[in-house]
Structures are given as C-alpha cells and as structure tokens.
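One-letter residues, chain by chain:
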Amino acid sequence: MIEINRENAQFLIKKKDYHIVFVNSPFCGTCKVAGRMLEYIEETMGDKKFYELNATLAPDLMQQYEITSVPCLIVFKNGEPVDRMYTFHSVPYVLKEMGPYLV
C-alpha cells in the first residue's frame, strides 16, 4: 500500500480516475487484519492498488467524507466518494466488492 498523509489525500482525491483509500488507525486490531487482506490482494495482483491514510492524522477528511468508522475502504473519482466498504469478511469478499475499481 502507498501511505499518504492529509495533504497527499487532498491532491489524490481530486484526480479523474478511481482511487481506493484505506482509512485506518494504528490502534485498531480490525484495521490490521483488513490491512493484511489488502496487502495480500496487492501481492496477488502484482501492483500497488490501495492508498493508506491514518485516520487519526486526518480528522477533517473523516468528517468531510462522512467516514463513520475504521477500517474503511473509500473509492474516489473526480473528487467525490463513489463507494465505500466497512466490512472485510474475507479476501474474496473484498475482491468481489472492489473488483470493478481494481482494473
């Protein structure tokens, strides 16, 4: 995953193509499990597909994009959130839900 900060996120979010941001907290056990799933997906696909944002360092973005909890995968296109996911049941589930944005 490509780690980003609040400033990088503002720039990235405004781009025209799809970007998937993994919003998490270093103090969240579920976030660590979800992060491992995403790393596995990236290893399998052979490409960095996700951007990682520490929610504790970007509370304004959490509020602006109405991210209600972590972990959260949020998909942006043209500066707007188009999809989000809060549950990480399994790798196949994540691939099924995020597949259209990963191509």
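The preceding data block contains the structure.
The sections below set out a description of the structure shown in this document. (Residues numbered from 1 in each chain as written. Predicted model: local features only at pLDDT ≥ 70, side-chain atom pairs only at ≥ 80, totals over all residues. Heavy atoms only, no water.)

### Overview of helix 2 (residues 29-45)
Convention followed: Secondary structure counts use DSSP, requiring at least four H or I residues in a row for a helix and at least two E residues in a row for a strand, with both numbered from the N terminus. In this analysis, the expected span of each helix is defined as 1.5 Å times one less than the number of residues it contains. Each residue's exposure class comes from its accessible area (1.4 Å probe, protein chains only) as a fraction of the maximum for that residue type: buried when under 20%, exposed when over 50%, partly exposed otherwise. Directions drawn from the helix axis to the C-beta atoms are what define this arc. Contacts: residue pairs with any heavy atoms within 4.5 Å of one another.
Here helix 2 is 17 residues long and its end C-alpha atoms lie 25 Å apart, about the 24 Å a rise of 1.5 Å per residue gives. All of the buried residues along helix 2 are Cys31, Ala34, Gly35, Met37, Leu38, Ile41 and Glu42. Angular distribution of buried residues about the axis of helix 2 spans 160 degrees; they occupy a single face of the element. Residues of helix 2 that are exposed and point more than 90 degrees away from the buried face comprise Arg36, Glu43 and Thr44. Elements in contact with the buried residues of helix 2: strand 2 (19-24), strand 3 (50-54), strand 4 (72-77) and helix 4 (91-102).

### Remarks on the pattern of salt bridges
So the rule is basically this: In the sections that follow, a salt bridge refers to a side-chain nitrogen of Lys or Arg positioned within 4 Å of a carboxyl oxygen of Asp or Glu.
By the definition in use, this model includes 4 salt bridges. Here Arg6 makes a salt bridge to Glu7, at a shortest N to O gap of 2.9 Å. Its salt-bridge partner being Asp47, residue Lys49 comes within 3.6 Å of it at the nearest N-O pair. Accessibility expressed as a relative area gives 22% for Lys49, which makes it partly exposed.

### A word on the packing of helix 2 against helix 4
Heads up, the condition is: Fitted lines through C-alpha atoms give the axes, limited to the stretch in contact for helices. The angle between two N-to-C directions lies from 0 to 180 degrees. Angles are sorted into four bins: roughly parallel if under 35 degrees, roughly antiparallel if over 145, roughly perpendicular if 65 to 115, and oblique for all others. Crossing chirality is assigned from the near helix's rotation relative to the far helix, an anticlockwise turn below a right angle marking it left-handed and a clockwise turn marking it right-handed. Note that Gly is not counted as nonpolar here; it falls among the polar residues with everything else outside the nonpolar set of Ala, Val, Leu, Ile, Met, Phe, Trp, Tyr, Cys and Pro and the charged set of Asp, Glu, Lys and Arg.
At a closest axis distance of 11 Å, the pairing of helix 2 and helix 4 adopts a crossing angle of 60 degrees. Our classification of the angle between helix 2 and helix 4 gives oblique. Considering the relative orientation of helix 2 and helix 4, their crossing is right-handed. Contacts between helix 2 and helix 4 involve Met37, Leu38, Tyr40, Ile41 and Met45 from the first element and Val91, Val94, Leu95 and Leu102 from the second. Tallied by class, residues from the contact of helix 2 with helix 4 come to 9 nonpolar, no polar and no charged.

By themselves, these observations are geometric and do not establish any function.
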